[in-house]
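# Breakdown of the fold
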Amino acid sequence: MASLGLAQQIRIGLDGNSGIEFPMMGRAGRVRRSNYGRNRVGFRILASETVEPDLSVTVNGLKMPNPFVIGSGPPGTNYTVMKRAFDEGWGGVIAKTVSLEADKVKNVTPRYAKLRAAANGSAKGQIIGWQNIELISDRPLETMLKEFKQLKEEYPDRILIASIMEEYNKAAWEELIYKVEETGIDAIEVNFSCPHGMPERRMGAAVGQDCDLLEEVSGWINAVATVPVWAKMTPNITDITKPARVALNQGSEGVSAINTIMSVMGINLDTLRPEPCVEGYSTPGGYSAKAVHPIALAKVMNIARMMKSEFGDKDYSLSAIGGVETGADAAEFILLGANTVQVCTGVMMHGYGLVKTLCSELEDFMRKHNFSSIEDFRGASLDYFTTHTDLVNRQHEAIRQRKAIKKGLQSDKDWTGDGFVQETESMVSN
């Protein structure tokens, strides 16, 4: 960032025109979780020189060329597609979730349904929602492990994260962790959140929605894992901060949020059957894409505020997920405290080359506000959230001050020599 002295002022405001000014504070060394929005600049710095944005990030000791990570799902389902992601320039890849017994995983086709910004059933209009009833990887674990190892041999400096999910069985979790770590993967994301991932086997959201169960399973995982662990949260819960808190207290280094939202995509009004339709029937599935972005922003904001207030002195990470298709979408998540931004459905709709657009648009945002690094603005918007009562009080005070300005001086004793002309004008009505 441009070098500025402590006394130099910066201007803060969503529209760039706020009259509020604060002195810029210095920052030294690695920025930790406690610095979410503290001492951060706002959205525009009044500096004379322009700096070229640096998108690289270091998260839990993992260095990435940019904050964009392939989210666990079809875009990370085998060697070929994960290699493509690295070649296109993604900062990291989270592979599709694996378990010990892939033979128990039986997928169906069709397994997706789209929601468009048009009439029900119309094939026209922008895709704003995407539903899937897809399960975790149905490929043999040994095959996936072999491909993890091959990818790490070919891309030793790139970040590969294994997503794992198992039944309620301590030995099974320990075995799975040992096997994926043996391939050289850089971190583990634990799928506590798939909304339709075999809950009858106490997997996925069945764990993430039960804090007691989550506490026990997280304890098993973190007792044996030697790489960073990210706990992936489900939005299908009243208060998402509760499981996030449990996962961090049990030793996880990071939180990912959100997984998909439980949904029924719609009913075909010609056939009267639900979508996606498999042999005339369907089942609720996970909702993603642009329409979930505002919901994801709220969930991420809540987790970030909790982490800031309760874990501020520790270097925990937050990976944001939900409806990211543009650099602006990613900037919003980072402004709320996210270290990385995951994309899954966006890749399914736009392809792996999307990362170039994301990087370019995020760099444009950073140039606009003269941010030189992701840390310069990460968490900068968190402090602008408050309670409704506080909003009412703030507005009442602002109205009171505006009225006082319109009325001009309150007493003859307030006249000054230096401001006499301005003070006179403040009481002129036309």
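So, here's what we can say about the structure.

### Observations concerning the packing of aromatic side chains
- One pass over the full model with this rule turns up 9 aromatic pairs.
- Consider the rings of Phe365 and Phe377, whose centres lie 5.2 Å apart with planes at 65°: the pair is edge-to-face. Taken together, the residues span a long stretch of sequence, with Phe365 in helix α10 (residues 354–369) and Phe377 in the loop between α10 and α11 (388–407) at a distance of 12 residues. Phe377 carries the same exposure label as Phe365, and that label is buried.
- Ring centres 4.8 Å apart and planes at 35° place the aromatic pair Trp415 and Phe420 in the tilted group.
- By relative accessible area, which is 30% here, Trp415 ends up partly exposed.

### Observations concerning the packing of helix α7 (residues 293–310) against helix α8 (residues 327–335)
- The contact between α7 and α8 brings their axes to 9 Å, and the two run at 20°. Taken together, the axes of α7 and α8 lie roughly parallel to each other. The two elements α7 and α8 meet at a crossing, and its hand is right-handed. Facing His293, Ala296, Leu297 and Val300 of α7, the residues of α8 in contact are Asp329, Glu332 and Phe333.

### Structural notes on a negative patch on the surface
- Taken together, the side chains of Asp210, Asp212, Glu215 and Glu216 define an acidic patch exposed on the protein surface.
- Position of Asp212 among the secondary structure elements: in helix α5 (residues 211–224).

### Some details on empty space enclosed by the protein
- In this structure the tally under the stated criterion is 1 cavity of 30 Å³ or more.
- Taken as a whole, the largest cavity holds about 520 Å³ of empty space.
- Looking at the largest cavity, it is lined by 37 residues, and the ones nearest its centre are Ser72, Asn132, Asn259, Thr260 and Cys344.
- Counting only elements with at least two residues in the lining of the largest cavity, the list comes to β8 (127–132), β16 (285–288), β18 (340–343) and α9 (345–350).
- Among the residues forming the lining of the largest cavity, the class breakdown is 17 nonpolar, 16 polar and 4 charged.

Reading guide: rules and limits
- Each chain has its residues counted from 1, following the order in which its sequence is written.
- Confidence filtering applies because this is a predicted model: local features only for residues at pLDDT of at least 70, side-chain atom pairs given and counted only at 80 or more, and all residues used for totals across whole chains, interfaces and linings.
- As a rule here, side-chain values cover all heavy atoms of the structure and leave hydrogens and water aside.
- Centres within 6.5 Å are what make two rings of Phe, Tyr or Trp a pair, Trp counting through its six-membered ring; a difference in plane orientation under 30 degrees is then read as stacked, over 60 as edge-to-face, and the rest as tilted.
- Secondary structure elements are defined from DSSP: runs of H or I of at least 4 residues count as helices, runs of E of at least 2 residues count as strands, and each element is numbered from the N terminus.
- Per-residue accessibility, obtained with a 1.4 Å probe over protein chains only, is compared with the maximum for each type, and a residue is labelled buried under 20%, exposed over 50%, and partly exposed between these values.
- Only the stretch in contact is used when fitting a helix axis, every axis being a line fitted to C-alpha atoms; angles between N-to-C directions are given from 0 to 180 degrees.
- Roughly parallel means an angle under 35 degrees; roughly antiparallel means over 145; roughly perpendicular covers 65 to 115; every other angle is labelled oblique.
- The sense of a crossing depends on the near helix, which, turned anticlockwise from the far helix by less than a right angle, makes the crossing left-handed and, turned clockwise, makes it right-handed.
- We call two residues in contact when some of their heavy atoms are within 4.5 Å.
- Residues enter a patch when their relative accessible area is above 30% and they make no salt bridge; the linking distance is 9 Å between like charges and 5 Å between nonpolar side chains (Val, Leu, Ile, Met, Phe, Trp, Tyr).
- Each accessible area is a Shrake-Rupley result for a 1.4 Å probe, and residues are judged covered by the shown protein chains and nothing else.
- Salt bridges are identified by distance alone: a Lys or Arg side-chain nitrogen within 4 Å of an Asp or Glu carboxyl oxygen.
- The charge count includes Lys and Arg as positive and Asp and Glu as negative, but it does not include His or the ends of the chains.
- Positions of charges follow a simple convention, taking NZ of Lys, CZ of Arg, CG of Asp or CD of Glu.
- Note on definitions: the grid is 1 Å and covers protein atoms alone; a cavity is a set of points where a 1.4 Å probe fits but cannot get out; a pocket is an open set with protein on both sides within 12 Å along at least five of seven lines; lining residues have an atom within 4 Å of a point.
- Grid points are joined across faces, edges and corners, and a volume is the space filled by probe spheres set on the points.
- Side-chain classes follow a simple rule in which Ala, Val, Leu, Ile, Met, Phe, Trp, Tyr, Cys and Pro form the nonpolar group, Asp, Glu, Lys and Arg form the charged group, and the remainder, Gly included, forms the polar group.

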